[in-house]
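Given next are the chains, with one letter for each unit.
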Amino acid sequence: MTRFLLSLGIVLTAASHAGGAQEATGGPVESTRHLYLSATHKGDQPIDLAPGDIVVEEDGRSRDVLSVTPATAPLRIALLVDDSGPGLRFIREGVGLFIQRLGGRGEIAIFSTAGRNSAVVNFTSDISALYQGVRQLTTHTTTGAYLLDGVHDALVALNARDAERPVIVVLMLEGPEFSSVRADRLLDELRRSGALLHVVSLGKPTLKTMTSWSEMPSQSLRENLDENINRKKFVEDGTRLSGGQFVQVLVDSGIPTAMQAVAEELATQRVVVYRRPAGPAARKIGVSTTKPGVKVRTRVEGSR
């Protein structure tokens, strides 16, 4: 018994010294975290970066970047298409080119936001099924869209699948918006999901009423203006905060080029691994580069 107690005492004393040494050497236990990043050079051409080219800050504190490598985790993309107006030929062409570039990199679903939100093709990696969905896009005789409601539905679908790289890509037409969901609520949903948002918008922004300066707008015009402002706030803030881009296209012939650019950015994303103290996620993440002439896009808020 005496020998056992003596041995136990030695073990406890050694453990105590080890704990003291750990405290003396100091600092919280460290962990690693990753984020997805897009980097482009002149003309929005994708560019490779090394760890020394990237600066990562969490809540204003610099973190050590360990690696920058091509992102290989499967994409899961909800593609929302407003086919409520003209330009169907270029809409189909743009969506087709988008699918062609990203085929084999994950799953894509196509949704129509015209008139009412409906799934044209559910999430699949089958390229032929996706091309068949493109052919099913058609011009609807509607007076507006339900884009924000469609984004909400897409977030629900992505969350149900627990995607590693969730993405929402929106091809929208400027015009009346009839969704009931508010921008601030939808931004919270987007933030919690961790999804990346890209938006291609066709047409000139329609944020003015048709009344003269001396006339008060009617109730219906005021409501339509509020809904369009609500949508504009979401697409601009959502793309910026999530690390995506908002592209305004003035003529329908520009849709294919814009959709190709979004697809190329997704196909050439990088994953950045950095060291940080263990503990809660940061509230704000800042990412920049030391290379001149290079733009980087990533989430600017803590990951989910």
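Before any of the text, the structure's been laid out above.
These remarks concern the structure in this document. Here the structure is a predicted model, which means the values were calculated and not measured.

## A word on the pairing of strand E11 (residues 270-277)
Here's step 1: Bridging between strand E1 (residues 30-41) and E11 involves 8 bridges; their strand directions are antiparallel. What sits directly across from His34, in E11, is Val273.

## Observations concerning the pattern of salt bridges
Here's step 1: Following the criterion strictly, the structure yields 16 salt bridges and no others.
Here's step 2: Among the ionic pairs, Glu177 bridges to Arg231, the shortest N-O distance being 3.2 Å. Of this pair, Glu177 sits in the loop between strand E8 (165-173) and helix H5 (183-193) while Arg231 is found in helix H6 (residues 219-242), placing the two residues 54 residues apart along the sequence.
Here's step 3: We classify Glu177 as buried; its relative accessible area is 1%.
Here's step 4: Among the ionic pairs, Lys232 bridges to Glu236, the shortest N-O distance being 2.6 Å. Linking Lys232 with Glu236, this pair stays in helix H6, spanning 4 residues, or about one helical turn.
Here's step 5: Taking relative accessible area as the criterion, Lys232 reaches 26% and is therefore assigned partly exposed.

## Some points on the nonpolar core
Here's step 1: Counting 32 residues, the largest nonpolar core has Val95, Phe98, Ile110 and Leu266 as its most contacted members.
Here's step 2: Of all elements in the fold, only strand E5 (75-81), helix H2 (88-102), strand E6 (106-112), helix H3 (127-136), E8, strand E9 (196-202) and helix H7 (255-267) reach the threshold of two or more residues within this core.
Here's step 3: Once you skip the residues sitting within four places of it in the chain, Val95 turns out to touch Leu79, Val81, Ile110, Val134, Leu137 and Leu171.
Here's step 4: Counting residues in each nonpolar core, the second largest holds 24 residues, with Leu80, Ala109, Leu155 and Ile168 among its members.

## Observations concerning the sheet that holds E5
Here's step 1: Here 6 strands make up an open sheet; going across it, the order is E7-E6-E5-E8-E9-E10 and the pairing mixed. Two strands bound the open sheet, and with one partner strand each, they are strand E7 (118-124) and strand E10 (246-249). Here the strands of the sheet are splayed against their neighbours by 10° on average, with no regard to which way each runs.
Here's step 2: Strand direction decides the pairing type here: E5 and E6, joined by 7 bridges, are parallel. By the bridge assignment, Ala78 is partnered in E6 with Ala109.

## Considerations on the side chain of His198
Here's step 1: With respect to the helices and strands, the residue His198 is situated in strand E9.
Here's step 2: Note on His198: relative accessible area 1%, which makes it buried.
Here's step 3: Within the structure, the side chain of His198 is placed 3.2 Å from the backbone nitrogen of Gln245, a separation counted as a polar contact.
Here's step 4: Beyond its immediate sequence surroundings of up to four residues, His198 is in contact with Ile168, Val169, Val170, Thr239, Gly244, Gln245, Val262, Glu265 and Leu266.

## Focus on the packing of H2 against H3
Here's step 1: Contact geometry for H2 and H3: axes closest at 9 Å, N-to-C directions at 170°. With respect to each other, H2 and H3 are oriented roughly antiparallel. Here Arg92, Val95, Gly96, Ile99 and Gln100 of H2 lie close against H3, whose contacting residues are Ile127, Leu130, Tyr131, Val134 and Arg135.
Here's step 2: For the contact of H2 with H3, a count of residues per class yields 6 nonpolar, 2 polar and 2 charged.

Each value, and the rule that gives it
Residues numbered from 1 in each chain as written. Predicted model: local features only at pLDDT ≥ 70, side-chain atom pairs only at ≥ 80, totals over all residues. Heavy atoms only, no water. Pairing = 2+ DSSP bridges. Helix = DSSP H or I, 4+ residues; strand = E, 2+ residues; numbered from the N terminus. Salt bridge = Lys/Arg side-chain N within 4 Å of Asp/Glu carboxyl O. Buried < 20%, exposed > 50% of the residue type's maximum accessible area, 1.4 Å probe, protein only. Core = buried A, V, L, I, M, F, W, Y, C linked by side-chain atoms within 4.5 Å. Contact = heavy atoms within 4.5 Å. Axes fitted to C-alpha atoms, helices over the stretch in contact; angles between N-to-C directions. Polar contact = N/O pair within 3.5 Å; in protein donor to acceptor, adjacent residues only side chain to side chain. Parallel < 35°, antiparallel > 145°, perpendicular 65-115°, else oblique. Nonpolar A, V, L, I, M, F, W, Y, C, P; charged D, E, K, R; others polar.

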